[in-house]
Amino acid sequence: MGAIITLSLLGILILYLGLFKAKNALLPVSILGLLGALAFEVYYWNVEAVTLYKGMVLFDHFALSFSVVCISLTILILFLSKDYFNSFSDNIAEYYTLIIFSLTGALLVSAYHNFAMLFIGLEIMSVALYILVGIRRKDKASNEASLKYFLMGAFSTGFLLFGITLMYGATGTFDLTALKEYIISNPTGISPLFYGGILLMLVGLCFKVGVAPFHFWTPDVYDGAPILITSFMSTVVKIASFAGFLRLFSTVLIPLNEFWTPILLTIVIITLFVGNISALMQTSFKRMMAYSSISHAGYMLFAILSIGATSASGILTYAVAYGLSSIIAFGALILVKRHIGSDQFESFNGLGKKNPGLAFAITIAMLSLAGIPLTAGFIGKFMMFSTVMNDYHTVLLILAAINAAIGIFYYFRIIVHMYFMKSEEETKLQLPMNFQVVFGLAVILTILIGIYPDLIIRLI
C-alpha cells in the first residue's frame, strides 16, 4: 500500500513542480519517487507479509512481484525520456504525472481482491493513457490513435462491467474469495448469470491485453502514439493487465475450467496466427512491434489456459523478458527515427557498422523476442510451452511452434538490415548517456536471466 500512496503523492508533487515552472526537477524527482515506491515493494516482499486491506486489495508475493517489475520498467522508460517530451511542449509536467498515475492504476490491477478495485485500477491506468496517446495535439495520427483507444477502451469497460454485474447478481458479492466459495458450494447449481458474467469478463480482459479477435485497436494506437508512450503501453500496461487476468482465473475460476478452456484455447490460436502473420507483412518497425505484441499476448495466455502452480512465475518471467527487449527496441527506434526520420526497416541499414554497440543491443533484444537460447525470452517461451505440455495440448504446441518459427523470421529481418544491408546515410548516430545506461542494463539482465533464470522464477 505504501507504493500506491507514494505514487499518488508523487503525481500531485509533479503537478505542483510544473505549476512553478521547475522543469529541470521533473525527471529527477519522478525517478526518486519511483525508487521510493520500489523500496516499499521490495521491503514488504522481503518480510513475506501478506496484507489484505479491508477486503479490497491483497498484497501478497504475486502482487508485489508484478508491482516491482512494473515500477522497474517504468524507471527505465523514464530514463529514456530526458529531452524527449521537450519537442512536444514546454509544459511537460503533465506527461510525467499521467505516466505515474497510470502506473498507480497498474499496481491496483495487480493487487485487487474485489471487483470494485479491479475496475478502479483499470480506469486509472487507461484514462491517463487515453490522454498520453493523443498528447501530440497537432499530430493527426496521434489524435486518431487516442480516439480509437478511447472508443475501444469504453467498449471493453462496458463488457467488463456487465460481466461483473452478472456475477454479482448470481452471488451477491464482489470479493474474490466469496466468489470462489460460491462455486465450490454450488458444484451443480451455478446460476446461468454467473456463466454469462465469465464470458463478458473474458471479452473485457481480452480487450485490455490486446489479443485477437479483440486486437483491432492495438496496431493503430501503438503506431500513432509517441514512441515512449508506446513502450510504456506495450510493457507496463500489458504486464499489469495480465496480472489482473491471472489473479481472477487462478483465484476464482479454476473449478469451472471445462467451461472457459475451449473458448480461451480458440482465442489463443487466433491470436498467435493473427499477430505473427500480420507482423510478417509489415515494413514499419513500429507496426511490426505492435503486431508482434499481439502474438506475445497469445503466448502469455498459455499460463492461464493451463493454469497451475507455475503459471504466475511463467507469466512473470515472460513479462520481464518481453519488457526488457521492448524497451531496447523502442528506445533504439527513438534514436533511429530522430536521425533518419523514418521507422521503416531500411532505417536500420548499416547500423552494425556505424554503431556496433547499439546494433548489438538491438540484436540481443530481437533474439530474446524470438526466443533464442541464452536469452530471457527463451526461458519465458520454454516455461509457457512447458505449461501447456503438462496439460497435453499437443495441437496447440504444434501450432505455437509454427508461429515461433514465423516470429524468428521477422525479428531476424532487423538483424539482416543492420549487418548485411548498406546505408546511404554514413553519419554515426548519437547515443546519449541515458540510452547507454538503459540499453546496457537491459542487455545484461536479458542475458543473465537467460543463463540463470532462477533470478526471476523464485520471486513468486
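Predicted model, so just to flag it, every value in this text is computed and none were measured.

Across its full length, the protein chain holds 20 helices and 2 strands. In terms of overall size, the protein chain behaves like a compact globule, its C-alpha atoms giving a radius of gyration of 21 Å where 460 residues would be expected to give roughly 23 Å. Within the protein chain, contacts between residues at least 6 apart in sequence are counted, and of these 79% link residues at least 24 apart. When the accessible area of the protein chain is evaluated, it comes to approximately 17,800 Å², of which 68% is carbon and sulfur surface. Where the 24 positive side-chain charges of the protein chain centre and where its 21 negative ones centre are 7 Å apart.

By the definition in use, this model includes 21 aromatic pairs. Ring geometry for Y182 against F194: centres 5.5 Å apart, planes inclined by 40 degrees, an arrangement best described as tilted. Within this pair, whereas Y182 is found in helix α7 (residues 176-185), its partner F194 is found in helix α8 (residues 192-209), the two being separated by 12 residues in sequence. In this structure Y182 comes out as buried when scored by relative accessible area, which is 14%. Overall, F194 belongs to the buried group, its relative accessible area being 0%. Relative to F348, the ring of F285 lies with its centre 4.9 Å away and its plane at 45 degrees, an arrangement referred to as tilted. Of this pair, F285 sits in helix α12 (residues 285-300) while F348 sits in the loop between α14 (311-340) and α15 (351-354); the two residues are 63 residues apart in sequence, bridging distant segments of the chain. Pair check on accessibility: F285 and F348 agree, each one buried. Each member of the aromatic cluster is reached from another via a ring pair, and the members are Y130, Y149, F150, W217 and Y222.

Take the packing of helix α16 (residues 356-370) against helix α17 (residues 376-390) next. One way to put it is that α16 packs onto α17 with a least axis distance of 6 Å and a crossing angle of 5 degrees. Between α16 and α17, the crossing angle belongs to the class labelled roughly parallel. Each of S368, L369 and A370 in α16 lies in contact with α17, whose residues at this interface are A376, G377, F378 and K381. Split by residue class, the contact of α16 with α17 holds 4 nonpolar, 2 polar and 1 charged.

Parameters at a glance
Throughout this document, residue positions are counted from 1 along each chain, in the order its sequence is written. Per-residue local features of the predicted model are confined to residues with pLDDT of at least 70, and side-chain atom pairs are confined, for both listing and counting, to 80 or more; whole-chain, interface and lining totals are unaffected and use all residues. Side-chain measures here rest on the full set of heavy atoms in the structure, leaving out hydrogens and waters. By the criteria applied, helices consist of DSSP H or I runs no shorter than four residues and strands consist of E runs no shorter than two, each listed in order from the N terminus. Atoms considered for the radius of gyration are the C-alpha atoms alone. The globule rule reads 2.2 Å times the number of residues to the power 0.38. The contact criterion used is simple: two residues touch if any of their non-hydrogen atoms lie within 4.5 Å. Residue exposure ignores everything except the shown protein chains as possible cover, and the areas themselves are Shrake-Rupley values with a 1.4 Å probe. Counted as positive: Lys and Arg. Counted as negative: Asp and Glu. His and the chain ends are not counted at all. To locate a charge, take NZ of a lysine, CZ of an arginine, CG of an aspartate or CD of a glutamate. Between rings of Phe, Tyr and Trp, where Trp is taken as its six-membered ring, a pair exists when centres lie within 6.5 Å; planes separated by under 30 degrees are stacked, by over 60 edge-to-face, and by other angles tilted. Exposure categories follow from relative accessible area, calculated using a 1.4 Å probe and restricted to protein chains: below 20% of the type maximum is buried, above 50% is exposed, and the middle band is partly exposed. Helix axes are fitted to C-alpha atoms over the stretch in contact, other axes to C-alpha atoms as well, and angles between N-to-C directions run from 0 to 180 degrees. Working definition: roughly parallel below 35 degrees, roughly antiparallel above 145 degrees, roughly perpendicular at 65 to 115 degrees, and oblique for all remaining angles. Three classes are used: nonpolar for Ala, Val, Leu, Ile, Met, Phe, Trp, Tyr, Cys and Pro, charged for Asp, Glu, Lys and Arg, and polar for all others, with Gly counted as polar.

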